[in-house]
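# Structural description and commentary
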Amino acid sequence: MDLAYTEEEEAFRAGLRDWLAVALPELPPPPPPDDWPARRAHDTAWQRVLYDAGYADVHWDASPTRRLIFLEETEKAGAPYVGANFVGLLHAGPTIAAEGTREQRERWLPHILRGDEVWCQGFSEPDAGSDLASLRTRAVRDGDSYVVTGAKIWTSHAEVADWCELLVRTDPRAPRHRGISWLAMPMDAPGVTVRPLRTLAGSTEFAEVHLDGVRVPVANRVGEENDGWRVTMVTLSFERGTAFVGEVVACRRTLAALARTARENGRWDDAVLRRRLGRLNAEFGALWRLIQWNVGEAEATGGVPGTGGSVFKLRYSHARQELYDAAAEVLGPDALDLSHEWTLGRLASLSYTIAAGTSQIQRNIVAERILGLPKER
């Protein structure tokens, strides 16, 4: 596979760099990290700037390669991350673009692109663990609506979201993977209760969401009834295939900063640490090439990333943890300082082998769908 960029793609990169050099100095400083209403306003304002400049459509209307270039260059330039609306831009939006009806695309996509509406993800449940197909949230058809009852957990940015991409069980008698539907639920609907959860780092970007007889229009179902598992695999393909692009760039930048700090504080004299940083440099270089390969595959198969995203997610999750373990070595006693970004990064990295599908689930996908190994009986 040719991983080189075309002349047109390099021209897009150059134009984006020039635009970022002008646009970024005009932005206001970011708000405190724990003020999510203010962060929502800041993140969506940046999204509107992108929209007005003609860059907002890269998340699903542009080619996967152009999307890769955009995420790479904005991260390198220090532009705001998609932040509070990462679910809308990187998960729900691409899924609706790929699987939604014309009416659904017209209803939701422009609002996501302009930063008018923020989405959260209602997949995980308190009693389901990493077994997503065992979800119990019920949706009973009642005329033109579903009546939804249940609970979701680890719902990112639910407290500032307008919509939720929600997985529900619409046929409890069907096999586990065949009785699920994908709904777009308004977060202001009667019966929705949001309870923020405090993480190990003290932040509250996650929440538990309780649903008590919430009515969701049937018109908000993406895909056919009971076909939600297949639609979900499209969502997870985007989540594992391209949503981490900016984070890999950020990790490579952090790695370079670790090497500089180690030279300054004398820890560079430790040969074991030097070898560890060198191996991580090779690791993240290989992960970047894997991203390019996955994007090239998506380009050739209609824009939806394939199972190679699970290979990437599996290795990236562990590489990120190793990176911040190395950061603790470089920091020494300062690794206990909770105000240091690398300490917070280390605490956050612990979640990566769980979020977006646990490493155990990724190994199952690789074994069954790539290697062709038999499923456990």
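Now for a quick tour of the structure. (Residues numbered from 1 in each chain as written. Predicted model: local features only at pLDDT ≥ 70, side-chain atom pairs only at ≥ 80, totals over all residues. Heavy atoms only, no water.)

In terms of regular secondary structure, the protein is built from eleven helices and eight strands. For the protein, the proportion of its 377 residues judged to be buried stands at 51%. Put simply, 73% of the contacts in the protein that link residues at least 6 apart link residues at least 24 apart. On the protein, roughly 17,600 Å² of surface is accessible, and the fraction owed to carbon and sulfur atoms is 52%. (Helix = DSSP H or I, 4+ residues; strand = E, 2+ residues; numbered from the N terminus. Buried < 20%, exposed > 50% of the residue type's maximum accessible area, 1.4 Å probe, protein only. Contact = heavy atoms within 4.5 Å. Areas by Shrake-Rupley, 256 points an atom, 1.4 Å probe, with all protein chains shown as cover.)

This paragraph deals with helix 4 (residues 86–99). If you check helix 4, its first and last C-alpha atoms are 19 Å apart, about what 14 residues at 1.5 Å a residue would give, namely 20 Å. If you look at helix 4, its biggest bend is around 40°, right at Ala-92, and the proline Pro-94 turns up within four residues after that. Summarising burial for helix 4: eleven of the 14 residues are buried, a large majority. (Expected span 1.5 Å × (residues − 1). Bend = angle between axes of the 7 residues up to and from the residue.)

This model, assessed by the stated rule, comprises 26 salt bridges. Here Arg-320 and Glu-247 are joined by a salt bridge, their closest N and O atoms 3.4 Å apart. On the criterion of sequence distance, the pair formed by Arg-320 in helix 9 (residues 308–331) and Glu-247 in helix 7 (residues 245–265) is long-range, its members being 73 residues apart. Note on Arg-320: relative accessible area 10%, which makes it buried. Judged by relative accessible area, which is 15%, Glu-247 ranks as buried. (Salt bridge = Lys/Arg side-chain N within 4 Å of Asp/Glu carboxyl O.)

Okay, the packing of helix 2 (residues 36–53) against helix 5 (residues 102–114) next. In a packed pair of helices, the relevant descriptors are the angle between the two axes and the axis-to-axis distance. Put simply, helix 2 and helix 5 touch, their axes get as near as 7 Å, and they point 105° apart. Compared by their axis directions, helix 2 and helix 5 come out roughly perpendicular. On helix 5, the residues that touch Thr-44, Gln-47, Arg-48 and Tyr-51 of helix 2 are Ile-112, Leu-113 and Arg-114. Split into classes, the residues belonging to the contact of helix 2 with helix 5 amount to three nonpolar, two polar and two charged. (Axes fitted to C-alpha atoms, helices over the stretch in contact; angles between N-to-C directions. Parallel < 35°, antiparallel > 145°, perpendicular 65-115°, else oblique. Nonpolar A, V, L, I, M, F, W, Y, C, P; charged D, E, K, R; others polar.)

Locating Asn-85 in the fold gives a position in the loop between helix 3 (64–76) and helix 4. In contact with Asn-85, other than residues within four places in its own chain, are Ile-112, Glu-117, Val-118 and Trp-119.

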